[in-house]
Structure formats: C-alpha cells, structure tokens
Amino acid sequence: MVKYYPLMLNIIDTLNEWNEKLNKIADKYMGNVGFGTLIFFALLGVAFFGVSSLNKRDR
C-alpha cells in the first residue's frame, strides 16, 4: 500500500485541478437559467442512457 501512496497523491492533485477548473466554468455560466437547464437535461440523458445500457442482457 505504501508504494501506491505517490500515485494516489498524483490522482488527488489531478482531481483537485479539474475541480478548480469546473468551479470556474460553473461560476461563469451557471447564473444563466437556460444553461443550467441544458446541463440538467444533458445529465439526465446520460443517466438514462447509462442505466439502459447497463440493464441490457446478453442474448
């Protein structure tokens, strides 16, 4: 476990950088109701697509 510690720290640093970038984008655009609605429906569509693809059975 100790040998993977630097790798985990690198992943956490990368996630923190992405979080900062996403927060900047959200602060810039999320004040607009239309953009927020578009993002909501996009996330909803991805969720439905993901659930339907995971529920497919092999035939």
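The coordinates are above.
**Student:** Describe in detail the packing of aromatic side chains, supporting the description with residues and values.
**Tutor:** Under the counting rule described, the total for this entry stands at one aromatic pair. A centroid spacing of 5.4 Å and a plane angle of 65° characterise the contact between F40 and F41, whose relative ring orientation is edge-to-face. According to the relative accessible area criterion, F41 is exposed, its value standing at 52%.

**Student:** Mind laying out helix α2 (residues 33-54), listing which residues take part and the relevant values?
**Tutor:** Its 22 residues give α2 an end-to-end C-alpha distance of 32 Å, which sits within 8% of 32 Å, the value for a rise of 1.5 Å per residue. Of the residues flanking the start of α2, the one acting as N-cap is N32, its side-chain oxygen 3.1 Å from the backbone nitrogen of G34.

**Student:** Tell me about a nonpolar patch on the surface, and name the residues and values.
**Tutor:** Nonpolar side chains collect at one region of the surface, where Y4, Y5, L7, M8, L9, I11, I12, L15 and W18 lie side by side and expose about 900 Å² of accessible area between them. Looking at where I11 falls in the secondary structure, it is placed in helix α1 (residues 5-29). In this structure I11 comes out as partly exposed when scored by relative accessible area, which is 45%.

What counts as what
- Residues numbered from 1 in each chain as written.
- Predicted model: local features only at pLDDT ≥ 70, side-chain atom pairs only at ≥ 80, totals over all residues.
- Heavy atoms only, no water.
- Phe/Tyr/Trp six-rings, centres within 6.5 Å; stacked < 30°, edge-to-face > 60°.
- Buried < 20%, exposed > 50% of the residue type's maximum accessible area, 1.4 Å probe, protein only.
- Helix = DSSP H or I, 4+ residues; strand = E, 2+ residues; numbered from the N terminus.
- Expected span 1.5 Å × (residues − 1).
- Polar contact = N/O pair within 3.5 Å; in protein donor to acceptor, adjacent residues only side chain to side chain.
- Patch = residues over 30% accessible without salt bridge, like charges linked within 9 Å, V, L, I, M, F, W, Y side chains within 5 Å.
- Areas by Shrake-Rupley, 256 points an atom, 1.4 Å probe, with all protein chains shown as cover.
- Salt bridge = Lys/Arg side-chain N within 4 Å of Asp/Glu carboxyl O.

Nothing here speaks to function; it is geometry throughout.
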